[in-house]
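Close look at the chain arrangement
Single-letter residue listing:
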Amino acid sequence: MRSDTVLETLRMRIAQIEGTAVRHGTLPFGITAIDRHLPGGGIAAGALHEVAGSLDLADDASATIFLAGILARITGPVFWCLRWRDLFSPALSQAGLHPDRVIHVEAGNDTNVLLAMEECLRHAGIAGVVGEVGKYSTTASKRLQLTAESSGVTAFVFRRAAKVEADVEGTAAVTRWRITASPSEKLDIPSLGRPRWQVALERARGAEPRTWIVEGADAQGRIALPAALVDRPVAQEDRQAAA
């Protein structure tokens, strides 16, 4: 075999392992400050992403709605794989993800959740696959990334009750996000303001880590910048919104 053919074969194999062989487009957040920071201008489709809250239940709830908002804006059914069925479906509908679109897969443990995710990801045409796990290996993440890339279906590993410290073992996930609750705007009347989240991009291929304060997903699954940030000049916004 010619040396140039061997090199090309090796390049293709490396691209497959790293999950960069096929591009399936992106789903923008609709917020310039976030979209312009992400390679491709949004969440990469047909790829694996990791989302986590923290040990605080309020943060886990925020991360759940963050995920629901993304999936609400993609056409098709959603497979949500979890150890036991404790997902509060009415909360998902507040972010535009109707319970009729969600198919629950109660797998019992992390190993079975990962197996269920991989099987669901093989079916093109669905909106996405979510898998709630405590920990998963680099090998498991590579399998999920390659399967998502092959089918074009977007995958999310949801690390519920995950510690803030990053895992020692690496991951093939294209992005890693951590969502935590942030104080809402104080109103002049006895009422609750729109929820706010701290959205931290902890890891992304081709982008530096970054943090934004955003308003929680609305009934169409869209997040927004707080009004106080909207009118700021871009450079000033970048300095003050970024951590």
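The structure this text deals with has already been given above.
Calculation rules
Residues numbered from 1 in each chain as written. Predicted model: local features only at pLDDT ≥ 70, side-chain atom pairs only at ≥ 80, totals over all residues. Heavy atoms only, no water. Helix = DSSP H or I, 4+ residues; strand = E, 2+ residues; numbered from the N terminus. Contact = heavy atoms within 4.5 Å. Areas by Shrake-Rupley, 256 points an atom, 1.4 Å probe, with all protein chains shown as cover. Disulfide = S-S within 2.5 Å. Buried < 20%, exposed > 50% of the residue type's maximum accessible area, 1.4 Å probe, protein only. Pairing = 2+ DSSP bridges. Axes fitted to C-alpha atoms, helices over the stretch in contact; angles between N-to-C directions. Phe/Tyr/Trp six-rings, centres within 6.5 Å; stacked < 30°, edge-to-face > 60°.

Moving on to the overall build of the protein chain. Scanning the protein chain from terminus to terminus reveals eight helices and ten strands. The contacts in the protein chain between residues at least 6 apart in sequence include a share of 67% that link residues at least 24 apart. Carbon and sulfur atoms provide 55% of the accessible area of the protein chain, an area that totals close to 12,300 Å².

Considering all chains together, one arrives at zero disulfides under this definition. Looking at the unpaired cysteine 81, the closest cysteine sulfur is the one in cysteine 120, lying at 4.3 Å. Judged by relative accessible area, which is 10%, cysteine 120 ranks as buried.

The subject of this paragraph is the sheet that holds strand 10 (residues 210-215). Pairing within the open sheet is mixed, and its eight strands lie in the order 5-4-6-7-3-8-9-10. Every interior strand has two partners, whereas the edge strands, strand 5 (102-106) and strand 10, have only one. Taking each pair of neighbouring strands and ignoring which way they run, the sheet shows an average axis angle of 20°. Along the sheet, helix 5 (residues 110-121) contacts strand 4 (78-82), strand 5, strand 6 (128-132) and strand 7 (154-159); its crossing angle with strand 6, the most-contacted strand, is approximately 175°.

Turning to the pairing of strand 8 (residues 175-182), a few remarks are in order. Within strand 8, seven of the eight residues are buried, which leaves the element mostly enclosed by the surrounding structure. Across four bridges, the pairing between strand 3 (residues 48-52) and strand 8 is parallel. Bridged to alanine 52 within strand 8 is arginine 178. Across eight bridges, the pairing between strand 8 and strand 9 (residues 196-204) is antiparallel. For tryptophan 177, the partnering residue across the bridge sits in strand 9 and is leucine 201.

Tallied over the entire structure, the rule returns four aromatic pairs. Between the aromatic rings of phenylalanine 66 and tryptophan 177, the centroid separation amounts to 5.9 Å while the plane-to-plane angle is 45°, which identifies the pairing as tilted. Of this pair, phenylalanine 66 sits in helix 3 (residues 57-72) while tryptophan 177 is found in strand 8, placing the two residues 111 residues apart along the sequence. Taken as a pair, phenylalanine 66 and tryptophan 177 share a single burial class, namely buried. A network of ring pairs unites the aromatic residues Phe29, Phe66, Trp177 and Trp197 as a single cluster.

Moving on: the pairing of strand 4. Among the five residues of strand 4, five are classified as buried, and the element is accordingly described as predominantly covered. Side chains Val78, Trp80 and Leu82 of strand 4 all project onto a buried face; the interleaved residues Phe79 and Cys81 project onto the opposite face, where all are buried too. Across five bridges, the pairing between strand 4 and strand 5 is parallel. Counterpart to valine 78 in the pairing with strand 5 is valine 102.

Interpretation note: all reported values are geometric properties and have no functional meaning in isolation.
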